[in-house]
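Structural description and commentary
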Amino acid sequence: MNTWKCEQCGYQFKSEAPPEKCPACHVACSFLDVTVYTPDIHEGADNRIKPKPDSAPIHK
Ligand SMILES: [Zn+2]
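Here's what I pulled together on the structure shown here. These numbers come from a predicted model, not from an experiment. (Residues numbered from 1 in each chain as written. Predicted model: local features only at pLDDT ≥ 70, side-chain atom pairs only at ≥ 80, totals over all residues. Heavy atoms only, no water.)

Notes on the coordination of the zinc ion
Think of it this way: four donors in a tetrahedron around the metal ideally sit 109.5 degrees apart, and six in an octahedron ideally sit 90 or 180 degrees apart. Around the zinc ion, the protein contributes the donor atoms Cys-6 (SG), Cys-9 (SG), Cys-22 (SG) and Cys-25 (SG), at 2.2 to 2.4 Å from the metal centre. In this structure, the zinc ion is surrounded by 4 donor atoms whose angles at the metal cover 104 to 112°, and the resulting shape is tetrahedral. (Donors = N, O, S within 2.8 Å, 3.2 Å for Na, K, Ca; no water. Tetrahedral: all angles 85-135°; square planar, octahedral: opposite > 155°, others 65-115°.)

In structure tokens form, the structure reads like this:
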């Protein structure tokens, strides 16, 4: 199981492989494999890669 982070909204989730669309912002965005940085996404995660609750999807 890997941990993925959406580059658009910062949403993190665990899955074997990155999905086609982000479950949070529903766009086909890039996903970062942050498994090595987040052994647990709820505790001990690096603040720099934690999703911001108030962050909005960035449309480029
Ligand atoms: Zn997203």
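Here we look at the packing of aromatic side chains
If you walk through the whole model with that rule in mind, you get 2 aromatic pairs. Ring geometry for Phe-13 versus Phe-31: centroids 5.5 Å apart, planes at 80°, classification edge-to-face. Linking Phe-13 in strand β2 (residues 12-15) with Phe-31 in strand β3 (residues 31-33), this pair joins segments that are 18 residues apart in sequence. Taking the relative accessible area as the measure of exposure, Phe-13 reaches 10% and is therefore buried. An aromatic cluster of at least three residues, connected via ring pairs, comprises Tyr-11, Phe-13 and Phe-31. (Phe/Tyr/Trp six-rings, centres within 6.5 Å; stacked < 30°, edge-to-face > 60°. Helix = DSSP H or I, 4+ residues; strand = E, 2+ residues; numbered from the N terminus. Buried < 20%, exposed > 50% of the residue type's maximum accessible area, 1.4 Å probe, protein only.)

Comments concerning the environment of Val-27
If you trace the backbone, Val-27 turns up in the loop between β2 and β3. The class for Val-27 is partly exposed, based on a relative accessible area of 29%. In this structure the C-alpha to C-alpha distance between Val-27 and Cys-9, which are 18 residues apart in sequence, comes to 10.0 Å. Leaving out residues up to four positions away in the same chain, Val-27 has contacts with Gln-8, Glu-20, Lys-21 and Cys-22. (Contact = heavy atoms within 4.5 Å.)

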